[in-house]
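Spelled out from the first residue to the last, the chains are:
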Amino acid sequence: MAACIFCKIIKGEIPSMKLFESEKTLAFLDIGPLSFGHALVIPKYHGAKLTDIPDDQLSEVLHVTKKIATAVGAENYNILQNNGRAAHQEVDHVHFHYIPKPNKEEGLGISWPTQKMDKDKLQKLLEEVKAKM
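So, how was this worked out
Residues numbered from 1 in each chain as written. Predicted model: local features only at pLDDT ≥ 70, side-chain atom pairs only at ≥ 80, totals over all residues. Heavy atoms only, no water. Core = buried A, V, L, I, M, F, W, Y, C linked by side-chain atoms within 4.5 Å. Buried < 20%, exposed > 50% of the residue type's maximum accessible area, 1.4 Å probe, protein only. Helix = DSSP H or I, 4+ residues; strand = E, 2+ residues; numbered from the N terminus. UniProt positions renumbered as here; feature names shortened; annotations may be inferred. Pairing = 2+ DSSP bridges. Patch = residues over 30% accessible without salt bridge, like charges linked within 9 Å, V, L, I, M, F, W, Y side chains within 5 Å. Areas by Shrake-Rupley, 256 points an atom, 1.4 Å probe, with all protein chains shown as cover. Salt bridge = Lys/Arg side-chain N within 4 Å of Asp/Glu carboxyl O.

## Describing the nonpolar core
- Counting 12 residues, the largest nonpolar core consists of Ala27, Ala39, Val41, Ile53, Leu58, Val61, Val64, Ile68, Ala69, Val94, Phe96 and Tyr98.
- Those elements that provide at least two residues to this core are strand E3 (39-43), helix H2 (61-72) and strand E5 (96-100).
- It is H2 that provides the largest number of residues to this core, a total of 4 residues.
- With 10 residues, the next largest nonpolar core counts Ile10, Leu26, Phe28 and Leu40 among its residues.

Dropping the structure here:
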């Protein structure tokens, strides 16, 4: 199995355009951006899915992402984090995308196919999830 590309970037084995680095977090420009200013923010702790990362290793991620959003200054943008192939995750290392959305053509394109949901099913789900939290 090939070594994780993001772990190689963290170790300096692959160059990156670093925006931020600390003991726990690395942020860099995406070299295959969806729009100008697209950046990635990653915990240095390796884990494929969000639930694989200890909470203390995620403590800076949202703060750093917000700093990038402020610095880039895009009026419209998406913050995206995918988990698993069916959810469009390509690199098996948790990462958060900051993606400016300057117009309809550039940036992230998504559809939002809402579903009608039975209120009783939602109530049951609410109770189940709250009990596990």
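## Some words on the UniProt feature "domain: HIT" (unreviewed entry) in the protein
- The UniProt feature table records "domain: HIT" (unreviewed entry) at residues 5-108.
- Secondary structure over residues 5-108 splits into 18% helix and 22% strand, and the C-alpha atoms at its two ends are 23 Å apart.

## Some details on the pairing of strand E1 (residues 18-21)
- When E1 meets strand E2 (residues 25-29), the two strands line up antiparallel, connected through 3 bridges. Across the sheet, Glu21 pairs through a bridge with Leu26, a residue of E2.
- The loop that links E1 with its antiparallel partner E2 comprises 3 residues.

## A look at a nonpolar patch on the surface
- Taken together, Met117, Leu122, Leu125, Val129 and Met133 make up a surface patch of nonpolar side chains, about 510 Å² in accessible area.
- The residue Met133 is located in the segment after helix H3 (119-132) in this model.
- On the basis of relative accessibility, which here comes to 81%, the residue Met133 falls in the exposed class.

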